[in-house]
Amino acid sequence: SCKEKVEQTTMPDIDKKYLSESLLFALNQAVENDPDEPENYYQRSKVYFERGESRKALADVQKAISFKKQGKYYLLMGEVFKELKNYNEALNAFRQAEAMQVNDAELKIQLAELFLETG
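This report concerns the structure included in the present document. (Residues numbered from 1 in each chain as written. Predicted model: local features only at pLDDT ≥ 70, side-chain atom pairs only at ≥ 80, totals over all residues. Heavy atoms only, no water.)

We now examine the packing of helix 2 (residues 38-50) against helix 3 (residues 54-67). Put simply, helix 2 and helix 3 touch, their axes get as near as 8 Å, and they point 160 degrees apart. On the basis of their axis angle, the class for helix 2 and helix 3 is roughly antiparallel. Classified by chirality, the crossing of helix 3 by helix 2 is left-handed. Contact residues: helix 2 offers P38, Y41, Y42, R44, S45, Y48 and F49, while helix 3 offers S54, K56, A57, D60, V61, K63, A64 and F67. Broken down by class, the residue content of the contact of helix 2 with helix 3 amounts to 9 nonpolar, 2 polar and 4 charged. (Axes fitted to C-alpha atoms, helices over the stretch in contact; angles between N-to-C directions. Helix = DSSP H or I, 4+ residues; strand = E, 2+ residues; numbered from the N terminus. Parallel < 35°, antiparallel > 145°, perpendicular 65-115°, else oblique. Left-handed = near helix turned anticlockwise from the far one by under 90°. Contact = heavy atoms within 4.5 Å. Nonpolar A, V, L, I, M, F, W, Y, C, P; charged D, E, K, R; others polar.)

Look at helix 6 (residues 105-118): 20 Å from first C-alpha to last across 14 residues, which is about the 20 Å you get at 1.5 Å a residue. Buried-residue contacts for helix 6 involve helix 4 (71-83) and helix 5 (87-99). Where helix 6 begins, the side chain of D104 points an oxygen toward the backbone nitrogen of E106, at a separation of 2.8 Å. Positive phi shows up at G119, right after helix 6, with a value of about 75 degrees. (Expected span 1.5 Å × (residues − 1). Polar contact = N/O pair within 3.5 Å; in protein donor to acceptor, adjacent residues only side chain to side chain.)

What follows is about the environment of K69. In this fold, K69 is placed in the loop between helix 3 and helix 4. In the structure, K69 is positioned 27 residues away from Q96 in sequence and 9.7 Å away in space, judged by C-alpha atoms. Among residues more than four places away in sequence, those in contact with K69 are Y74 and M100.

Taken as a whole, this structure holds 8 salt bridges when the rule is applied. Ionic pairing is found between E53 and K56, a salt bridge with its closest N-O pair at 3.2 Å. Close ionic contact of E98 with R95 constitutes a salt bridge, the shortest N to O distance being 2.9 Å. On the criterion of helical spacing, the pair formed by E98 and R95 is a turn pair, its members being 3 residues apart in helix 5. Residue E98 is classed as partly exposed on the basis of its relative accessible area, which comes to 27%. (Salt bridge = Lys/Arg side-chain N within 4 Å of Asp/Glu carboxyl O. Buried < 20%, exposed > 50% of the residue type's maximum accessible area, 1.4 Å probe, protein only.)

Its identity as a non-glycine residue notwithstanding, K85 has a phi of 65 degrees, on the positive side. Owing to a relative accessible area of 59%, K85 belongs among the exposed residues under this scheme.

This part covers the packing of helix 4 against helix 5. It is the contact of helix 4 with helix 5, at a shortest axis distance of 8 Å, that shows an interaxial angle of 165 degrees. With respect to helix 5, the axis of helix 4 lies roughly antiparallel. At the point where helix 4 passes helix 5, the crossing takes the left-handed sense. Contacts between helix 4 and helix 5 pair G71, Y74, L75, M77, G78, E79, F81 and K82 from the former with Y87, E89, A90, A93, F94, Q96 and A97 from the latter. A per-class count over the contact of helix 4 with helix 5 returns 9 nonpolar, 3 polar and 3 charged.

It is worth spelling out the side chain of K82 at this point. In this fold, K82 is placed in helix 4. In this structure K82 touches Y87, A90, F94, Q110, E113, L114 and E117, once residues within four positions along its chain are discounted.

Okay, structure coming up:
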C-alpha cells in the first residue's frame, strides 16, 4: 500500500454564473411573493452588482431604500455609483452610510478608494 500511486482529487470549480442564475431565480420569486420586503431587493441588487449589471443593481438598491433606509443599503448604493463613475452620488451615499453609523471596514476602503480616484 505504500508504493501505490495516490490519485490527487480536487473539488471541481463551482460555476459562479450558474449559482448567480439560481440565486437570481430565487430572489425574483421572493420579490414577486413579497414586493414590499426591502431585503429581497437589497439581496438581488448585490447579485446584480456581482454580475456586473450595475444599472439593475442601482434600481433594486434604490427600491430597497424607498421602503427602508438602512446603512448597508447606502453602502451598496455608493459602491454601485462608484462603479458607474458617478462619484458625487457615490460620495453622498457613503456619507449617508456613515451618518447611519455603518461601522464596516468596507465603507472606509470605499471612501479611501473614492478619494484616491477623484483626488
